[in-house]
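Per-entry structural report
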Amino acid sequence: MMRIFIDDGSTNIKMLWEEAGKTLTHISPNSFKRGWSATFGSGKPFNYLVDGEKYSFDLITPDVLPTNNVEWQYSPLNALAIHHALQTSGIEPQDVEVIVTLPLAEYYDEDAQYRLDNIERKKKSVMRSVELNKGSGFNITKVKVLPESIPAGVSLCADLKPSHSALIVDLGGTTLDVSMVAGQMTSVSRVYGDSRLGVSLVTDAVKLALAKAETATSSYNVDQIIINRNDAEFLAENINDPAAIDFVKKEIMSSIERLCKRVNDVISSFKGYSHVIVIGGGAPLVADSIRDHVAIRDDRFFVADEPQFALVRGLKLLG
Ligand SMILES: Nc1ncnc2c1ncn2[C@@H]1O[C@H](COP(=O)(O)OP(=O)(O)OP(=O)(O)O)[C@@H](O)[C@H]1O
Ligand SMILES: [Mg+2]
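Note that this is a predicted model, so its numbers are computed, not measured.

1. Topic: the UniProt feature "domain: Plasmid segregation protein ParM C-terminal" (unreviewed entry) in the protein chain
- Per the UniProt record, the feature "domain: Plasmid segregation protein ParM C-terminal" (unreviewed entry) sits at residues 162–315.
- Between the C-alpha atoms that bound residues 162–315 there is a distance of 22 Å. The span itself is 45% helix and 19% strand.

So this is what it looks like as structure tokens:
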């Protein structure tokens, strides 16, 4: 049976699988609304039925269903997001085994022990059936659950001496996860998770600024504006009020600065690490600032290639 590695983050589902000896990846944003969408022209609507409720994929509605809360991890909307990622991956609908993730604070308790109840609950949630209207669906027959963040450090830690340790900093859409892991992965000495500190700090501030500039839009579109903040043409095309472009840009820059400061405050509470790796979609926004903040040698500071896919690559290494 096909095995698919899935980092089901709160803002984007990241997927990785093997096909004909090649490793393929796919990313799918979590942007859904209640009810179904109409068909128009050749566009294919993605209308779903989960637990008797209708949902559809929608990238433009400003008020898409929230996915940035812990309960989302075990919700019908999470199962839907996973199925939508499968549907848009190019893989033929079939029976599949999936490896999915839970945030550190859901996976481990305060004593760094597995929270088996949460792991069981997540498995059940992911196994629920999701129907695609007028299309064939995937059937998830087996689920394995791994923690977020830590697996992304597997390959780095394997190369470290046991006396060394790596700080793994994962900045996602809504969560900051930091863990300190000993070389060779012999132990995890501390984990920290803040489910309210993520790129969303920037997204929400910029969303407000855009609303003042006559541009109410979805978080997905706001994120595209943040990513393309240095592209004058992109900004001119996507901000309705030309006079407000500078104001929006300033708001982006100042909220990125605030995000960096908050992330560095958390990092300051960790001591004794020899290496640092920064992962997650937010890495490009904060990595330089973290590098300046932690006083370690340049050759011991890493930003993952394609940081948004770092976790899903680590999941594969763990099998
Ligand atoms: N090149 C980039 N520059 C700036 N931000 C980016 C870039 N690429 C992605 N992002 C942002 O990263 C965020 C998504 O990151 P990621 O996919 O790691 O989050 P997630 O796993 O869904 O969330 P979480 O881990 O908090 O549950 C989005 O806000 C996205 O806009
Ligand atoms: Mg994540």
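Text resumes after the structure shown.
2. Observations concerning the sheet that holds strand β8 (residues 130–132)
- Strands sit in the order β4-β6-β5-β8 across an open sheet of four strands; the sheet is antiparallel. What marks the edges here is a single partner per strand, and that holds for β4 (32–34) and β8. The mean angle between the axes of side-by-side strands here comes to 30 degrees, regardless of whether they run parallel or antiparallel.
- Of the strands in this sheet, β4, β5 (47–50), β6 (53–57) and β8 are in contact with helix α1 (residues 76–87), which crosses β5 at around 140 degrees.

3. Structural notes on the site of ligand 1
- Taken together, 18 residues lie around ligand 1, and Thr 11, Lys 14, Thr 175, Gly 281 and Gln 308 are the ones closest in.
- With respect to ligand 1, the backbone of Gly 281 contributes an N or O atom lying 2.8 Å from an oxygen atom.
- Here ligand 1 has 650 Å² of accessible area as a free molecule, and 89% of this is covered by the chains.
- Within the residue set of the shell around ligand 1, elements represented by two or more residues are β2 (12–19), α6 (219–227) and α9 (283–293).
- Class assignment of the residues belonging to the shell around ligand 1 gives a composition of four nonpolar, 12 polar and two charged.
- Each of domain 1 (2–148) and domain 2 (149–305) accounts for three or more of the residues forming the shell around ligand 1.

What counts and what doesn't
- Residues numbered from 1 in each chain as written.
- Chains lettered and ligands numbered in written order.
- Predicted model: local features only at pLDDT ≥ 70, side-chain atom pairs only at ≥ 80, totals over all residues.
- Heavy atoms only, no water.
- UniProt positions renumbered as here; feature names shortened; annotations may be inferred.
- Helix = DSSP H or I, 4+ residues; strand = E, 2+ residues; numbered from the N terminus.
- Pairing = 2+ DSSP bridges.
- Axes fitted to C-alpha atoms, helices over the stretch in contact; angles between N-to-C directions.
- Contact = heavy atoms within 4.5 Å.
- Near = heavy atom within 4 Å.
- Polar contact = N/O pair within 3.5 Å; in protein donor to acceptor, adjacent residues only side chain to side chain.
- Areas by Shrake-Rupley, 256 points an atom, 1.4 Å probe, with all protein chains shown as cover.
- Nonpolar A, V, L, I, M, F, W, Y, C, P; charged D, E, K, R; others polar.
- Domains from an automatic or database assignment.

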